[in-house]
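# Breakdown of the fold
Listed here are the chains, written in short residue letters.
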Amino acid sequence: TLLSRVRARYSQSPATASLTTYQKMGAGDWLTPGETSTADDGKHDILVSARWHRLRFDWTGDVELSAFDAALAPEGER
């Protein structure tokens, strides 16, 4: 799966926001850190390909996250 963008919706926006991706290809594999992105207009533009993805948001200041949307697209075939 190709992860290309993560958009956050805030009830209360943070002073700064960053996103770190983690991914793995096999069920027994360790998660490996991937790209880190700072927020630009409430979105994080990234480009990571893996079978499983994990996201870590880091904020400064008061924040209330109400939703996020990850742009995922199939990649390759089995």
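These lines cover the structure that appears in this document, whether it is placed above or below. (Residues numbered from 1 in each chain as written. Predicted model: local features only at pLDDT ≥ 70, side-chain atom pairs only at ≥ 80, totals over all residues. Heavy atoms only, no water.)

## Considering the environment of Ile46
Along the chain, the position of Ile46 falls in strand β4 (residues 43-49). According to the relative accessible area criterion, Ile46 is buried, its value standing at 5%. C-alpha of Ile46 to C-alpha of Glu35: the two residues are 11 residues apart in sequence and 6.9 Å apart in space. (Helix = DSSP H or I, 4+ residues; strand = E, 2+ residues; numbered from the N terminus. Buried < 20%, exposed > 50% of the residue type's maximum accessible area, 1.4 Å probe, protein only.)

## Re the sheet that holds β4
The strands making up a sheet are joined through hydrogen bonds of the backbone, oriented either antiparallel or parallel. Read from one edge to the other, the open sheet built from 3 strands follows the order β4-β1-β6, with strand pairing classed as antiparallel. At either end of the open sheet lies a strand with only one pairing partner, and these are β4 and β6 (64-73). The average undirected angle you get between the axes of adjacent strands in this sheet is 20°. Looking at chain direction, strand β1 (residues 2-12) and β4 are connected through 5 bridges and run antiparallel. By the bridge assignment, Arg7 is partnered in β4 with Lys43. (Pairing = 2+ DSSP bridges. Axes fitted to C-alpha atoms, helices over the stretch in contact; angles between N-to-C directions.)

## Let's talk about the pattern of salt bridges
In this structure the tally under the stated criterion is 3 salt bridges. Its salt-bridge partner being Asp45, residue Arg5 comes within 2.7 Å of it at the nearest N-O pair. Of this pair, Arg5 sits in strand β1 while Asp45 sits in strand β4, and the two are 40 residues apart along the sequence. According to the relative accessible area criterion, Arg5 is partly exposed, its value standing at 34%. The partly exposed category is assigned to Asp45, whose relative accessible area is 39%. (Salt bridge = Lys/Arg side-chain N within 4 Å of Asp/Glu carboxyl O.)

## Brief notes about the sheet that holds strand β3 (residues 32-38)
An order of β3-β2-β5 is seen for the 3 strands of this open sheet, with the pairing classed as antiparallel. Since the sheet does not close on itself, it has two edges, and those belong to β3 and β5 (52-60), each with one partner. Ignoring which end each strand starts from, the neighbouring axes of this sheet average 20° apart. For strand β2 (residues 16-24) and β3, the ladder comprises 5 bridges, and the chain directions are antiparallel. Bridge pairing in β3 places Leu19 opposite Ser37.

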